[in-house]
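Here is what each chain is made of, one letter per residue.
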Amino acid sequence: MQVRQLYHGTTGDNILSILDSGKMNPSAQHEMFFSSSNWQTVLMYGADRKRGAAFAIKVAVTIPEHIIQLNASTPGNPDTLILQTIEPLPAQVLELYVRKPGGDGFEIERIFGELPIRNYLLQSS
C-alpha cells in the first residue's frame, strides 16, 4: 500500500463528502482522476456554481497494491494520474485551493487543514 499526495478538482459538496467519510469514490466508469503535481490544472474540474468558485484539493490518498495506476495526458492536465478501481479509497484532505472572481480577474485563496476547509465550504454555500 502506498500513500500519495495528489491534486483533484471537484465541487465543494464533494469535498465535504470526502471530509465526512474519509474516502474518495470512483466514477461510474470505475476511475479517479488526479494531477500528480499541479493544483492549477484540476481547477477546471472543480467548478462550483452553488459557491461561485472553482476548487481543487490536495489529498493524501491511500492506494492499495492491486489498484491500476495509469499516467496520461488529458485536456488541460498533462500529468494526469488515473486510478482504476471499483472501491472507495481512503483519503485525507490536506489543502483547499479556491479560485473566485475578484478585482481585475481572479483571486486565489489557499486553506490548510480539515476544520478550516470544512468551515470555509459550509460558510460559502
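Everything numeric here is computed off the predicted structure, so don't read it as measured data.

Trainee: Tell me about the side chain of N77, residues and numbers included.
Mentor: Along the chain, N77 turns up in strand β7 (residues 77-84). By relative accessible area, N77 is classed as buried at 2%. Within polar-contact distance, the side chain of N77 engages the side chain of T41 at 3.2 Å. In this structure, N77 is in contact with F34, S35, T41, V42 and A72, ignoring residues within four places of it in sequence.

Trainee: Kindly report on the packing of helix α1 (residues 12-21) against helix α2 (residues 114-123), identifying the contributing residues and their values.
Mentor: The geometry of α1 relative to α2 is characterised by a closest axis approach of 10 Å and an angle of 145° between their N-to-C directions. Pair α1 / α2 crosses with left-handed handedness. In this structure, α1 contributes G12, I15, L16, L19 and D20 to the contact, and α2 contributes E114, I117, R118, L121 and L122.

Trainee: I'd like a rundown of α2, residues and numbers included.
Mentor: Of the residues making up α2, those classed as buried are I117, Y120 and L121. The buried residues of α2 occupy one face: seen down the axis, they fall within an arc of 95°. Turned more than 90 degrees off the buried face of α2, the exposed positions are L115 and Q123.

Rules of the game
- The residue numbers shown here count from 1 along each chain, following its written sequence.
- In keeping with the predicted nature of the model, local features appear solely for residues at pLDDT of at least 70, side-chain atom pairs appear and are counted solely at 80 or more, and the whole-chain, interface and lining totals rest on all residues.
- Note: side-chain values were computed over all heavy atoms of the structure, leaving out hydrogens and water.
- Numbered from the N terminus, helices here are DSSP runs of H or I no shorter than four residues, and strands are runs of E no shorter than two.
- Here the term buried applies to any residue with accessible area under 20% of the maximum for its type, exposed to any over 50%, and partly exposed to those in between, with areas from a 1.4 Å probe on protein chains only.
- Any N or O atom pair separated by 3.5 Å or less is treated as a polar contact, with the protein-specific requirement of one donor-capable and one acceptor-capable atom, and with residues adjacent in sequence counted only for side-chain atom pairs.
- Contacts are residue-level and defined by heavy atoms, with any inter-residue pair within 4.5 Å sufficient.
- Think of each axis as a best-fit line through the C-alpha atoms, taken over the contacting stretch in the case of a helix, with angles from 0 to 180 degrees between the N-to-C directions.
- Should the near helix be turned anticlockwise from the far one by less than a right angle, the crossing is left-handed, and should it be turned clockwise, the crossing is right-handed.
- What the arc covers is the set of directions going from the helix axis to the C-beta atoms.

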